[in-house]
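Spelled out from the first residue to the last, the chains are:
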Amino acid sequence: MRALKHAIETIYEEEHSFSSSPPSISSPPSLHSIVNAWSLHSSSEPNVLILVQGTCFRLHQDRMISQSSYLKQHLMGVSNVTISPPLNITAETFATVAGFCYTHKVHLTPSNIAAMRVAAELLGMTEGDNLWEVTESYFERVVGVDASMVIRSCFTMLPESETTASLVSRCIEAMIWNGDVSFLDDVVEMHAQDFRMVASYLNKRLPNHDALYKIIDHYLKEIEYEKLTDEEHTEICNNLDCSKLSCHILVECIQNPRMSLKFIMRAILMEHLKTRRSLVATVTAAMRETEQTSLMEILQQDTTDCHTTHIENAMDSTYYRIQSLEKELRDMKNHIQHHNRFMNGNKNSNALNQERSMSFHFEPPEDSKIRRGGRGSISSSSFFLDNITAKQHNKVEMFHTNKTSSNKTKSFPYKFISSFKNVFGCRNQQQNKRS
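Not measured: the values here are computed from a predicted model.

Burial runs high along strand E2 (residues 55-59): 5 of the 5 residues are buried. Along E2, one buried face is formed by Thr55, Phe57 and Leu59 and the opposite face, lined by Cys56 and Arg58, is buried too. Note: strand E1 (residues 48-52) against E2, 5 bridges, orientation antiparallel. Residue Val48 lies in a different strand from E2, and its bridge partner there is Leu59.

Looking now at the packing of helix H5 (residues 91-103) against helix H6 (residues 113-122). It is the contact of H5 with H6, at a shortest axis distance of 10 Å, that shows an interaxial angle of 65°. In terms of orientation, H5 and H6 fall into the roughly perpendicular class. The crossing of H5 and H6 is right-handed. On H6, the residues touching Thr93, Thr96 and Val97 of H5 are Ala115, Met116 and Ala119.

Glancing now at the sheet that holds E1. A sheet is described by the order of its strands in space; here 3 strands give the open sequence E2-E1-E3, paired in mixed fashion. The open sheet has two edge strands with one neighbour each: E2 and strand E3 (80-83). The mean angle between the axes of side-by-side strands here comes to 20°, regardless of whether they run parallel or antiparallel. On top of the sheet, H5 reaches E1, E2 and E3; it is set at about 10° to E2, its chief contact.

Among the surface-exposed residues, Leu329, Met332 and Ile336 lie close enough to one another that they form a single nonpolar patch of about 310 Å² accessible area. In this structure, Ile336 sits in helix H17 (residues 295-358). By relative accessible area, Ile336 is classed as partly exposed at 46%.

The next point concerns the packing of aromatic side chains. Considering all chains together, one arrives at 3 aromatic pairs under this definition. Positioned above the aromatic ring of Trp38, the side-chain terminus of Arg63 is 4.8 Å from the ring centre.

Here we come to the pattern of salt bridges. If you walk through the whole model with that rule in mind, you get 7 salt bridges. The partner of Arg205 in a salt bridge is Glu173, with the nearest N and O atoms 3.2 Å apart. Of the two residues, Arg205 sits in helix H12 (residues 192-205) while Glu173 sits in helix H10 (residues 167-177), which places them 32 residues apart along the sequence. Look at Glu173 and you get buried, because its relative accessible area is 15%.

Helix-helix packing: each pair is described by the crossing angle between the helix axes and the interaxial distance. In the contact formed by H6 and helix H7 (residues 131-142), the axes pass within 9 Å of each other and the chain directions differ by 145°. At the point where H6 passes H7, the crossing takes the left-handed sense. On H7, the residues that touch Ile113, Met116, Arg117, Ala120 and Glu121 of H6 are Leu131, Trp132, Thr135, Glu136, Tyr138 and Phe139. Residue composition of the contact of H6 with H7, grouped by class: 7 nonpolar, 1 polar and 3 charged.

Okay, unusual backbone geometry next. Between Leu158 and Pro159 the backbone carries a cis peptide bond, its omega angle lying at 5°. Structurally, Pro159 is set in the loop between helix H8 (147-155) and helix H9 (160-165). For Gln53, which is not glycine, the phi dihedral falls at a positive 45°. If you trace the backbone, Gln53 turns up in the loop between E1 and E2. The exposure class assigned to Gln53 is partly exposed, which follows from its relative accessible area of 47%. A positive phi angle, close to 60°, is found at His104, a residue other than glycine. Within the fold, His104 resides in the loop between H5 and H6. His104 sits in the partly exposed class, given a relative accessible area of 35%.

Rules of the game
Residues numbered from 1 in each chain as written. Predicted model: local features only at pLDDT ≥ 70, side-chain atom pairs only at ≥ 80, totals over all residues. Heavy atoms only, no water. Buried < 20%, exposed > 50% of the residue type's maximum accessible area, 1.4 Å probe, protein only. Helix = DSSP H or I, 4+ residues; strand = E, 2+ residues; numbered from the N terminus. Pairing = 2+ DSSP bridges. Axes fitted to C-alpha atoms, helices over the stretch in contact; angles between N-to-C directions. Parallel < 35°, antiparallel > 145°, perpendicular 65-115°, else oblique. Left-handed = near helix turned anticlockwise from the far one by under 90°. Contact = heavy atoms within 4.5 Å. Patch = residues over 30% accessible without salt bridge, like charges linked within 9 Å, V, L, I, M, F, W, Y side chains within 5 Å. Areas by Shrake-Rupley, 256 points an atom, 1.4 Å probe, with all protein chains shown as cover. Salt bridge = Lys/Arg side-chain N within 4 Å of Asp/Glu carboxyl O. Phe/Tyr/Trp six-rings, centres within 6.5 Å; stacked < 30°, edge-to-face > 60°. Lys NZ or Arg CZ within 6 Å of the ring centre and 35° of its normal. Nonpolar A, V, L, I, M, F, W, Y, C, P; charged D, E, K, R; others polar.

Rendered as structure tokens:
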């Protein structure tokens, strides 16, 4: 405790010697205990004086330069150093940083992560178990959970929070992925220069600029872009890359009066270029598909076409053959009908001829006797046959009748000839009898 009291008195005395106004010694109690414990452990007194925004810190040189490349560079050969702007580090933040240099432990929250991450970057604390890795790891974890609180702490650290570690743009990016647009109200409070810087970092980090266009358009709408100078207006709009905008957003940009005239002209040219590229890509893809077609595929296609043509020709030939067969069938049907009519006429003619053949005169055989004085005598115009002649005549009539019925199915010439044969046979018998 005696050593700690001596260290505090020494800090006050040295600060008073080079400061016109009395400084306020407000080191956190935790840092006092840490420095005192290290003094007792190492048996050495604090040997450097660090001034941060009017607050003096009497610390051990070896502990500070072991963690910070900035302090190592500025404390070589001197016993005091002042940390002041452009380094945006508060006394409270530096006290936490100094405690980490002694213990390698730090208490981080969403409210102080931005300040600690910026301090680690500005002081070059990147060696060993360094504060840079600790704060970066914590930021990556917390930004996905409570980005809205983190981004508020980042706004208070502008522009260093963006120039050193792109904290604002990374928070906005995380909130966009989460669908949270609450940051837009905070963005409007930014100075035009700070907003232009954030938009520039978003330009480098986001592969798609649709969300960046929404942010810029909201900012220009809320701050009344007419109040901006032409240079500021153009620089803000130029952070948009037209090639990274989707087609419908690109058309919306062209029609948006809040965009600068130079950007609108560039967007029109890009829209025409995208249309041309789309057409070229389509034609190129079609040509590649044609070139990639192998010879075997071409031959197979030709074979298929030939086979199809052959099938079509065969179908046409079959169709004509069917038509020819139908015509032949109709001709045959007409011929059969004509033949049937002709056959029915022959049947009627055959029946008439049969009746005529039965009416021919029959000459009696030789053994037939004619009675004199009867009807068959010379003096009479008729003659009578005896019983034998009558029987023979009946047999002949029965023979002709049976033969006629059995030959109904025969042709007319055959029946006609048979009738003549019967008649001539009877006449020959009569002539033989007379002779």
